[in-house]
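These are the residues of each chain, in order.
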Amino acid sequence: MMSSSSWLVPLIAAIALGVAAWLLLRVLNSPSLPATIQGVRVEVTAARLAEDRVFEHVWTVPVVLTNTTHRPRTVPVLAQRAEVRTKQARYVAELTTEVSWEREDGARLELNPAGTAIGSVWVVLPAGEAPVRLRLQQLEPKQRHLVARLSTS
């Protein structure tokens with residue numbers, strides 16, 4: 001005959017496993033921006049509607065890199081491809097800059113103390129959709145994903 005507490009151990013194990021899975025998902029989906037990478041602060045500002053077309057909207061999200069140290073620092077290398085999420089789906093976006101952050105010989109842009117470099121993530125979304133989350137990929141000095149929650153202006 002089974003004791004009345006034999007069902008208690010699997011129940012506690014299932015609850016512990018559920019809590020661990022929930023915590024893991026929460027950590028994986030938590031925002032990582034703003035972040036400081038080797039003395040350069042990477043942050044995004046509110047997404048804004050750049051162009052209002054009949055069936056689609058063009059959104060831009062400014063990406064600001066600021067040297068927070070007292071010495072010149074090179075900017076981290078970010079992938080040109082980004083990902084923007086709406087409440088409905090994920091969309092491919094493009095990170096553009098006015099000044100190249102990396103030269104043809106492989107040397108990266110250096111920021112003076114308190115210097116700033118600005119880029120923009122551009123994405124075309126269906127009318128009625130607004131961006132809620134941005135995902136950038138850092139390529140150097142190490143590979144990782146940078147995630148930010150977005151507000152709209």
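Treat the numbers as computed from the prediction; the structure is a model and nothing was measured. (Residues numbered from 1 in each chain as written. Predicted model: local features only at pLDDT ≥ 70, side-chain atom pairs only at ≥ 80, totals over all residues. Heavy atoms only, no water.)

Participant: What should I look at first to understand a nonpolar patch on the surface in this one?
Facilitator: Together, W7, L8, L11, I12, I15, V19, W22 and L23 make up a nonpolar patch on the protein surface, roughly 800 Å² of accessible area in all. Within the fold, V19 resides in helix α1 (residues 8-29). What makes V19 partly exposed here is its relative accessible area of 42%. (Patch = residues over 30% accessible without salt bridge, like charges linked within 9 Å, V, L, I, M, F, W, Y side chains within 5 Å. Areas by Shrake-Rupley, 256 points an atom, 1.4 Å probe, with all protein chains shown as cover. Salt bridge = Lys/Arg side-chain N within 4 Å of Asp/Glu carboxyl O. Helix = DSSP H or I, 4+ residues; strand = E, 2+ residues; numbered from the N terminus. Buried < 20%, exposed > 50% of the residue type's maximum accessible area, 1.4 Å probe, protein only.)

Participant: Would you explain the nonpolar core in this entry?
Facilitator: One recurring pattern in soluble globular proteins is that nonpolar side chains are buried together. Judged by nonpolar contacts, the single largest core of 28 residues is most densely connected at L33, V44, V63, L65, V121, L134 and L136. Secondary structure elements with two or more residues in this core: β1 (35-37), β2 (40-44), β4 (56-67), β7 (81-85), β8 (90-97), β10 (116-126), β11 (133-140) and β12 (144-149). In contact with L134, other than residues within four places in its own chain, are V44, V61, A82, E83, V84, V121, L146, V147, A148 and L150. (Core = buried A, V, L, I, M, F, W, Y, C linked by side-chain atoms within 4.5 Å. Contact = heavy atoms within 4.5 Å.)

Participant: Can you help me understand the pairing of β11 in this one?
Facilitator: Residues in a regular strand point their side chains to alternate faces of the sheet. Pairing between strand β6 (residues 77-78) and β11: 2 bridges, direction antiparallel. By the bridge assignment, V77 is partnered in β11 with E140. Here β11 pairs with β12 via 6 bridges, running antiparallel. In the sheet register, Q137 faces β12, and the bridge partner there is H145. Following β11, the chain reverses through 3 residues before pairing antiparallel with β12. (Pairing = 2+ DSSP bridges.)

Participant: Before we go on, may I ask you to explain the environment of R71 in this structure?
Facilitator: With respect to the element layout, R71 can be found in the loop between β4 and β5 (73-74). Among the residues examined, R71 registers a relative accessible area of 52% and is labelled exposed. In this structure the C-alpha to C-alpha distance between R71 and A89, which are 18 residues apart in sequence, comes to 42 Å. Leave out the neighbours within four places in its chain, and R71 touches L111 and P113.

Participant: I'm lost on the environment of R135 in this one. Help?
Facilitator: With respect to the element layout, R135 can be found in strand β11. Looking at R135, the relative accessible area reads 30%, which means it is partly exposed. Taking the C-alpha atoms as reference points, R135 and R103, separated by 32 residues in sequence, lie 24 Å from one another. Discounting residues that sit within four places of it in the chain, R135 has contacts with A82, E83, H145, L146 and V147.

So far we have only geometry, and geometry alone does not tell us how the molecule works.
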